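# Structural features, examined
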Amino acid sequence: MFSLTRSIVRQRRALARLGRVALNSDSSGGVVSGDSALEMDPNSTVGGGVEDVYGEDHASMGLVTPWTVSVASGYNLLRNPHYNKGLAFTEEERDAHYLRGLLPPAVLTQELQEKKILKNIRQYEQPLQKYMALVDLQERNERLFFKVLIDNPDELLPIVYTPTEGEVCQHYGSLFRRPQGLFISLKDKGRVLEVLKNWPEKKIEVIVVTDGGRILGLGDLGCQGMGIPVGKLALYTALGGVRPSVCLPIMLDVGTNNEELLKDEFYIGLRQKRATGKEYFDFLDEFMRAVKQNYGEKVLVQFEDFGNENAFELLSKYRTTHLVFDDDIQGTAAVVLAGVIAATKLTGGDLVDHKFVFFGAGEAGTGIAELIALEMSTKSKVPMEEARKNIWLVDKEGLIVSSRKDSLHGFIKHWAHEHEHLKDLLDIVKSIRPTMLIGSAGVGRAFTKEVTETMASINEKPVIVALSNPTSKSECTAEEAYTWSKGRAVFASGSPFDAFEYEGKQFVPAQANNCYIFPGFGLGLVISGAIRVHDEMVLAASNALAGQVTDENYEKGRIYPQFDHIRKISAHIAADVAAKAYDLGVATRLPRPENLLKYAESCMYCPTYRNYR
């Protein structure tokens with residue numbers, strides 16, 4: 001009896017803070033069913049891995065609770081995006097919550113609302129216009145926004161993520177209207193904890209943070225890099241099922257070296273050169289300590305689009321003291337490794353039998369190379385030093401070789417092998433004779449006709465992965481890869497490309513997109529209560545993704561599964577990551593669920609409307 005009373009008191013207080021909206025489940029105690037969004041297990045006490053303290057999913061549980069007598073006024077309810085249903089409020093809800101007269105008389109289903117939204121979005125020609133239409137929707141009706149996104153990932157992912165995300169960041173200062181996350185600048189040094197407490201949600205499980213230092217292939221965009229954390233966390237919810245209320249985008253404004261922004265009278269960030277050295281790392285250290293103090297040991301901090309040197313140093317420094325993940329290093333590596341594993345099904349041979357050339361030696365390229373070497377070492381039982389010998393890196397100065405060691409950064413030196421120094425990529429491909437060519441340098445059309453034809457002359461099925469985005473930065477297009485290889489290339493890219501027909505056969509290029517990995521990976525960390533990320537957990541995510549590629553996908557030349565199954569894919573990844581966390585002893589949510597896949601599915605946020613009483 002005491003625990004029930006205490007639960008009611010907690011729920012009453014939580015609702016009082018949120019405007020006192022009373023929610024109800026359907027008659028079975030579960031959520032209201034939807035046609036296509038992944039449903040939640042009505043017995044789950046975890047929504048997105050977080051206790052349902054606001055009663056969003058299990059408000060009634062068959063009980064009559066005293067806190068239901070207190071409700072928000074109709075106008076405020078319609079202005080609250082977390083609870084607003086627009087024309088989907090029933091006749092009974094309109095009477096009970098003072099909505100009569102504030103809405104037109106028609107009552108629409110959520111499915112009909114979704115159809116209307118899609119019709120409106122499709123009328124726009126420019127991706128940025130479609131993005132703004134989706135932002136407007138999110139700011140007035142959160143659940144409808146996520147249902148539209150969940151049900152239409154192939155169509156809308158390029159709008160909320162790459163390639164439109166880059167354009168959003170370039171114009172973020174002009175687009176900014178209301179806060180979607182926290183802006184913490186050098187002006188806040190010494191009171192970062194105080195700033196964190198200004199965010200209205202107190203239970204945070206996932207933070208995506210950037211300093212805007214290296215946004216996609218666009219360089220230093222300073223404070224306007226906030227578009228990246230906002231977009232990533234929308235996908236944490238839509239694709240990974242993490243509850244939106246526990247997600248927090250953060251922009252760490254340490255200045256910018258972008259002269260164009262500094263001269264822009266409408267720039268929204270600090271007007272100073274980017275901080276470096278001790279000032280920079282002291283600020284980051286205060287931020288990381290404040291995050292742990294405010295949100296606890298189990299909050300995931302995902303680093304996003306930091307400059308190369310800072311990214312590696314931050315990951316190395318905090319991976320032993322915090323739950324941290326760098327999507328540019330580990331996320332990109334995991335999704336590319338998954339594609340490489342899948343590609344071996346088409347090319348034949350074990351991973352250790354392949355030779356790689358990476359065009360690009362930044363955080364993405366070196367992160368991928370290191371994870372591939374680790375997978376080789378783990379599966380083939382060879383030392384890491386031997387595995388690395390199958391992998392060659394190319395930077396702006398050419399092939400990374402032993403003779404260049406003195407001029408290389410520390411994280412690149414162990415990729416310097418014995419070989420003559422070559423500058424031109426074509427000469428490098430002819431000399432190294434790789435089976436797989438992977439680009440991450442952000443140099444558009446670097447994989448020329450000659451380079452691709454040489455790859456095809458060396459290999460029956462050359463694997464060509466053009467990771468750089470946006471599309472203008474892609475090393476080659478799908479059409480170019482298939483045409484120049486005479487239809488023999490196994491192709492994937494960082495930006496989306498349309499299907500292409502070559503000599504009567506249709507190829508459907510797959511996008512090596514990080515959102516295959518990070519939403520499910522993050523969900524796995526949250527549902528297991530993990531306190532650290534180990535490399536074995538990243539390998540588990542890669543193998544889980546590769547395992548979701550079907551024979552039908554292979555028939556069309558795809559080395560990644562279709563996106564319309566992304567929530568199922570994320571659940572499998574989450575389950576395998578959580579399993580590895582338990583195996584490694586870094587999971588704290590006990591006891592361990594018997595069926596982690598079913599548990600992961602039950603924890604995923606469902607955007608269908610709740611009934612209000």
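Let me sum up the structure you'll find in this document. (Residues numbered from 1 in each chain as written. Predicted model: local features only at pLDDT ≥ 70, side-chain atom pairs only at ≥ 80, totals over all residues. Heavy atoms only, no water.)

## Notes on the overall build of the protein
Keep this limit in mind: Secondary structure is summarised from DSSP: a helix means a run of H or I of at least four residues, a strand means a run of E of at least two, and numbering begins at the N terminus for each. The buried label goes to any residue with under 20% of its type's maximum accessible area, the exposed label to any with over 50%, and the partly exposed label to all in between, with areas taken from a 1.4 Å probe on protein chains only. It only takes one pair of heavy atoms within 4.5 Å for two residues to be counted as in contact. Using a 1.4 Å probe, the Shrake-Rupley method yields the accessible areas, and only the shown protein chains count as cover for residues.
Check the secondary structure of the protein and you find 25 helices and 18 strands. Looking at the protein residue by residue over its 613 residues, the buried ones come to 61%. Contacts in the protein between residues at least 24 apart in sequence constitute 73% of all its contacts with a sequence separation of at least 6. Looking at the protein as shown, the accessible area adds up to about 25,000 Å², and 50% of this sits on carbon and sulfur atoms.

## Some details on the environment of P470
Within the secondary structure, P470 is located in the loop between β13 (463–466) and α20 (478–484). A residue is classified by how much of its surface remains accessible, and P470, at 14% relative accessible area, is buried. Taking C-alpha positions, P470 is 6.6 Å from T162, a pair spaced 308 residues apart along the chain. Setting aside its immediate chain neighbours within four residues, P470 contacts P163, G217, L218 and S495.

## Observations regarding the sheet that holds strand β7 (residues 300–303)
Heads up, the rule is: The pairing criterion for strands is at least two bridges between them, as found by DSSP. Note on method: axes are straight lines fitted to C-alpha atoms, helices fitted across the in-contact stretch only, with angles between N-to-C directions ranging 0 to 180 degrees.
Read across the open sheet, the five strands follow the order β4-β6-β5-β7-β8; overall the sheet is parallel. Strands at the two margins of the open sheet, each flanked by one partner only, are β4 (182–185) and β8 (323–326). For this sheet, the mean inter-axis angle between neighbouring strands, taken without regard to orientation, is 25°. Pairing of strand β5 (residues 206–210) with β7, which is carried by four bridges, proceeds in the parallel orientation. Paired with I207 across the strands is V301, a residue of β7. Its contacts with the sheet put helix α13 (residues 277–295) on β4, β5, β6 (247–253), β7 and β8, and the angle it makes with β6 is roughly 160°.

## Side note on the packing of aromatic side chains
Applicable threshold: Aromatic contacts are taken between Phe, Tyr and Trp rings whose centres are within 6.5 Å, Trp giving its six-membered ring; a plane angle under 30 degrees counts as stacked, one over 60 as edge-to-face, and the others as tilted. A ring is scored as having a charge over it whenever the NZ atom of a lysine or the CZ atom of an arginine sits within 6 Å of its centre and within 35 degrees of its normal.
Taken as a whole and judged by the stated rule, the model has 18 aromatic pairs. By way of ring pairs, the aromatic residues Y482, F491, F497, F500 and F507 are connected into one cluster. Taking NZ or CZ as reference, K85 lies 4.8 Å from the ring centre of Y612, over its face. Sitting over the ring of W415, R388 keeps its end group 5.7 Å from the ring centre.

## Details of the nonpolar core
We count it as follows: The set of buried Ala, Val, Leu, Ile, Met, Phe, Trp, Tyr and Cys residues whose side-chain atoms join them within 4.5 Å is what this entry labels a nonpolar core.
With 126 residues, the main nonpolar core has F356, I372, F521 and Y560 as its most contacted residues. Here this core gets 11 residues from one element, more than from any other, and that element is helix α24 (residues 566–584). The residues contacting F356, other than those within four sequence positions of it, are V340, L351, I372, M376, N390, I391, W392, P434, M436 and I438. Grouped together as the second largest cluster of nonpolar side chains are 36 residues, I207, L252, F283 and I329 included.

## Overview of empty space enclosed by the protein
Condition: A 1.4 Å probe that fits into a set of points on a 1 Å grid over the protein atoms alone but cannot get out defines a cavity; an open set with protein on both sides within 12 Å along at least five of seven lines defines a pocket, and lining residues are those with an atom within 4 Å of a point. Grid points are joined across faces, edges and corners, and a volume is the space filled by probe spheres set on the points. Note that Gly is not counted as nonpolar here; it falls among the polar residues with everything else outside the nonpolar set of Ala, Val, Leu, Ile, Met, Phe, Trp, Tyr, Cys and Pro and the charged set of Asp, Glu, Lys and Arg.
Tallied over the entire structure, the rule returns four cavities of 30 Å³ or more. The space that makes up the largest cavity amounts to roughly 100 Å³. As for the largest cavity, its lining consists of Y131, M132, V135, E139, V168, Y172, L175, F176, R177, R178 and Q180. Of all elements in the fold, only α5 (127–140) and α9 (172–175) reach the threshold of two or more residues within the lining of the largest cavity. Residue contributions to the lining of the largest cavity peak at four residues, all from α5. Class assignment of the residues belonging to the lining of the largest cavity gives a composition of seven nonpolar, one polar and three charged. Quantified by volume, the second largest cavity comes out at close to 80 Å³. Forming the boundary of the second largest cavity are Y131, L134, V135, Q138, F145, V160, Q180, V230, G231 and A234.

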